[in-house]
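# Overview (structure and organization)
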Amino acid sequence: MRLSALAFALLGARTVSAFASFAGANNYYAYALPSNERFALFQSMNAANMKVLRTFVNGVPAGQKNSDNVAVPDLEPNQIRVYDDTILDMIDELMVEAHAWNIKLLICIYDKNVLQSTGPYRAKYGEEGFYTNPAALDDYNQRITHMLNIHKNAHLNNQAWSFLGAYIFGYSVMNEPMINQGSGFFTQHLDWVCNVAAQIRANVGDRNQLILTGGNSAGTSVQSFFFSASCPAVDVVEIHDYTDGYDGYMQNAINQAKAANKKLIVGEWGSLVGSGRTANLQSNMQKINGWGIPWLYWEFITNPDPHQGEDYEINVVNGTDADYNTIKGFAQAAASSTNGVFDWSGALQL
């Protein structure tokens, strides 16, 4: 059907395509939850036709968000390059469980919150030095190699993660690298993201396992350098936006991504608990779905919301929470849409 001039003007520069989009959720400690709560998490995601769970490779104390999760040590709990695979073993089990619900994992190699507060990388290099000291990058590269090729999943014929594309959607270089240092520091050290992405790709030949930038603050997440020839290993620019400001930068980001044959995802967003939450949830999902970009909600939990700190959490057990059901409808709409900007079929294939 030929569009009229008025209809084209109303559509603006958005590209009409025939790709489906998708939605998913975050839970950074999902691997540490009791089996019945992991079941409830995946059951709720599957009911919403969600495709991806984003989780982190970093140790956690017990009782995150007042949950029943067990304490889990980090991969390098006390000393860099001395590995405790407990957390990887638990994620091995998590990815098998997720797969049974038609869900894949997006795995963050590390978390800026851990780097900010504790751990051997902070002790040896400090927070800024982690990003600027070449020795720190070399140590981090060894963490990546251990995780992706030396460790083996005993539940899947002792295969390395690099061969488990049916279970793993991709890897974020880190959760929100450099966000604590501000946008100026971030833009001066974008090559760190690209260098880490290159190390991941050196370990993972399967191009359907995608490499993501890890996110930053709203539009700061989108840097032209990530779309350039200087950053070839990045597949997906990951956006984290709690400002509802997508309209200010999304079209330009889409244009850059398409020109570079790369992709965009809103890896984190959330609506604060309060009287306007339902309307804010609806507004955000209408925007993101309208742009044809996939999104992952922060955060799905498996116990009553303890209302701690910045309160974006939603209890998904039993599927009775009204906010969960609002998200469920829009997630289902994303999965059945045909206005997706990018082709995710390879990365989502089980």
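Please read all numbers here as calculations on a predicted model, not as lab measurements.

### Structural notes on the layout of surface pockets
In this structure, the largest pocket occupies an estimated 710 Å³ of space. Surrounding the largest pocket, 37 residues form its lining, Asp111, Lys112, Asn113, Asn175 and Trp298 being those nearest its centre. Looking at the lining of the largest pocket element by element, the count peaks at three residues for helix α4 (residues 112-117). The residue makeup of the lining of the largest pocket, split by class, is 15 nonpolar, twelve polar and ten charged.

### Looking at helix α9 (residues 190-203)
Here α9 is 14 residues long and its end C-alpha atoms lie 21 Å apart, about the 20 Å a rise of 1.5 Å per residue gives. Within α9, ten of the 14 residues are buried, which leaves it mostly tucked inside the rest of the structure. Residues of α9 that are buried: Leu190, Trp192, Val193, Cys194, Val196, Ala197, Gln199, Ile200, Arg201 and Asn203. Of the surrounding secondary structure, the elements contacted by the buried residues of α9 are α6 (127-132), α7 (134-150), β4 (168-172), α8 (183-188) and β5 (210-212).

### Overview of the side chain of Glu76
Mapped onto the elements of the fold, Glu76 is located in the loop between β2 (52-56) and α3 (86-100). With a relative accessible area of 0%, Glu76 lands in the buried category. Among the polar contacts listed, one links the side chain of Glu76 to the side chain of Tyr121, at a separation of 2.8 Å. Leaving out residues up to four positions away in the same chain, Glu76 has contacts with Arg81, Val82, Tyr83, Pro120, Tyr121 and Arg143.

### Some words on the pairing of β4
Buried residues dominate β4, accounting for five of its five residues. By the bridge criterion, four bridges tie strand β3 (residues 104-108) to β4 in an arrangement that is parallel. Residue Leu106 lies in a different strand from β4, and its bridge partner there is Gly170. Inspection of the sheet shows β4 paired to β5 by three bridges, in the parallel sense. Its bridge partner being in β5, Gly170 is matched across the sheet by Leu210.

### Re the confidence of the model for the protein chain
A low pLDDT means the predicted coordinates there should not be read in detail. Mean pLDDT for the protein chain: 95, with 95% of residues reaching 70 or above. In this model residues 1-16 is a low-confidence stretch, pLDDT under 50, and it forms seven contacts with partners more than four residues away in sequence or in other chains.

Calculation rules
Residues numbered from 1 in each chain as written. Predicted model: local features only at pLDDT ≥ 70, side-chain atom pairs only at ≥ 80, totals over all residues. Heavy atoms only, no water. 1 Å grid on protein atoms, 1.4 Å probe; cavity = no way out; pocket = protein on both sides within 12 Å on 5 of 7 lines; lining within 4 Å. Points joined across faces, edges and corners; volume = space filled by probe spheres on them. Helix = DSSP H or I, 4+ residues; strand = E, 2+ residues; numbered from the N terminus. Nonpolar A, V, L, I, M, F, W, Y, C, P; charged D, E, K, R; others polar. Expected span 1.5 Å × (residues − 1). Buried < 20%, exposed > 50% of the residue type's maximum accessible area, 1.4 Å probe, protein only. Contact = heavy atoms within 4.5 Å. Polar contact = N/O pair within 3.5 Å; in protein donor to acceptor, adjacent residues only side chain to side chain. Pairing = 2+ DSSP bridges. pLDDT = per-residue confidence, 0-100.

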